[in-house]
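Structure assessment
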Amino acid sequence: MEFCSAKELQNQTGHGTHHWPLVVLKELLDNALDAAEEAEIAPLIAVTVRPGEIVVQDNGTGIAEETIRSIRDYSIRVSSREAYVSPSRGAQGNALKTILAMGYVLDRERLSEGGDLGDATGVTIFY
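Notes on the structure in this doc start here. (Residues numbered from 1 in each chain as written. Predicted model: local features only at pLDDT ≥ 70, side-chain atom pairs only at ≥ 80, totals over all residues. Heavy atoms only, no water.)

Topic: the pairing of strand E1 (residues 45–50)
Defined as follows: Only strands joined by at least two bridges in the DSSP assignment are considered to pair. The secondary structure listing takes helices from DSSP runs of H or I that are at least 4 residues long and strands from runs of E that are at least 2 residues long, numbered from the N terminus.
Bridge count between E1 and strand E2 (residues 53–58): six bridges; the pairing is antiparallel. Residue pairing in the sheet places Val49 in a bridge with Ile54 of E2. Linking E1 back to E2 in an antiparallel pair, the connection comprises two residues, with Gly52 at a positive phi of about 75 degrees.

Written out as structure tokens, the structure reads:
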């Protein structure tokens, strides 16, 4: 349940829901920079922000299928950035897990004001 409520995600990220767009942006930019560094290429990053949408595109190789599978398993915490683990970077290895959960939690909160909670989706798309 630690990823299924606003309170728990606030504990995970250290930020309230009003700052979640900045958390998402920071984590996706960090991942793009890490990918470029690992590939030993200069980073090319494009950011688009619209209501309800944050898009970060980069020239990295993308997120491996295995990584996507592992971030959907909320029973474990892992980081693919073991070389970068420090008190301020990559210490928990759950940034993408929190990003996946944020949309669902926000959608669920929106629906709690009069909708059917079973309709919560909070879509996150990786290309």
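Still more to cover.
Observations concerning helix H2 (residues 20–39)
Convention followed: Take the number of residues in a helix, subtract one, and multiply by 1.5 Å to get its expected span. Relative accessibility thresholds used throughout: buried, under 20% of the residue-type maximum; exposed, over 50%; partly exposed, between the two (1.4 Å probe, protein chains only).
Here H2 is 20 residues long and its end C-alpha atoms lie 29 Å apart, about the 28 Å a rise of 1.5 Å per residue gives. Within H2 the residues assigned to the buried category are Trp20, Val23, Val24, Glu27, Leu28, Ala32, Asp34, Ala35 and Ala36. A positive backbone phi angle near 55 degrees is found at Glu40, which sits one or two residues after H2.

Here's the deal with a nonpolar patch on the surface
Put simply, the rule is: The patch calculation keeps residues exceeding 30% relative accessible area without a salt bridge and links them within 9 Å when they carry like charges or within 5 Å when they are nonpolar (Val, Leu, Ile, Met, Phe, Trp, Tyr). Note on areas: these come from Shrake-Rupley sampling with a 1.4 Å probe, and a residue is covered only by the protein chains present in the view. A pair is scored as a salt bridge if a Lys or Arg side-chain nitrogen falls within 4 Å of a carboxyl oxygen belonging to Asp or Glu.
A cluster of nonpolar side chains, contributed by Leu33, Ile45, Val47 and Val49, occupies part of the molecular surface with about 310 Å² of accessible area. Looking at the nonpolar patch, the element that brings in the most residues is E1, giving three residues. On the secondary structure map, Val49 appears in strand E1.

Brief notes about the pattern of salt bridges
Scanning all chains against the criterion turns up five salt bridges. As a salt-bridge pair, Lys26 and Glu27 come within 3.6 Å of each other at their nearest N and O atoms. Judged by relative accessible area, which is 40%, Lys26 ranks as partly exposed. Taking relative accessible area as the criterion, Glu27 reaches 18% and is therefore assigned buried. Between Glu53 and Arg50 there is a salt bridge, with its nearest N and O atoms 2.6 Å apart. With relative accessibility at 33%, the residue Glu53 sits in the partly exposed group. When its relative accessible area of 44% is taken as the criterion, Arg50 is described as partly exposed. In the salt-bridge network here, residues are joined through shared partners; they are Lys26, Glu27 and Asp30.

As for the environment of Asp34
Within the element layout of this structure, Asp34 appears in helix H2. For the pair Asp34 and Gly60, spaced 26 residues apart in sequence, the C-alpha to C-alpha distance is 8.9 Å.

Observations regarding the environment of Asp73
Among the secondary structure elements, Asp73 is positioned in the loop between helix H3 (65–71) and helix H4 (95–111). For the pair Asp73 and Lys97, spaced 24 residues apart in the sequence, the C-alpha separation amounts to 8.5 Å.

Comments concerning helix H1 (residues 6–13)
This is how it is decided: Summarising the geometry, the arc corresponds to the directions from the helix axis toward the C-beta atoms.
By the burial criterion, the buried members of H1 are Ala6, Leu9, Gln12 and Thr13. The arc that holds the buried residues of H1, viewed along the axis, is 120 degrees, so those residues lie on one side. What points out from H1, more than 90 degrees from its buried face, is the exposed set Lys7 and Asn11. One or two residues past the end of H1 sits Gly14, with phi positive at roughly 80 degrees.

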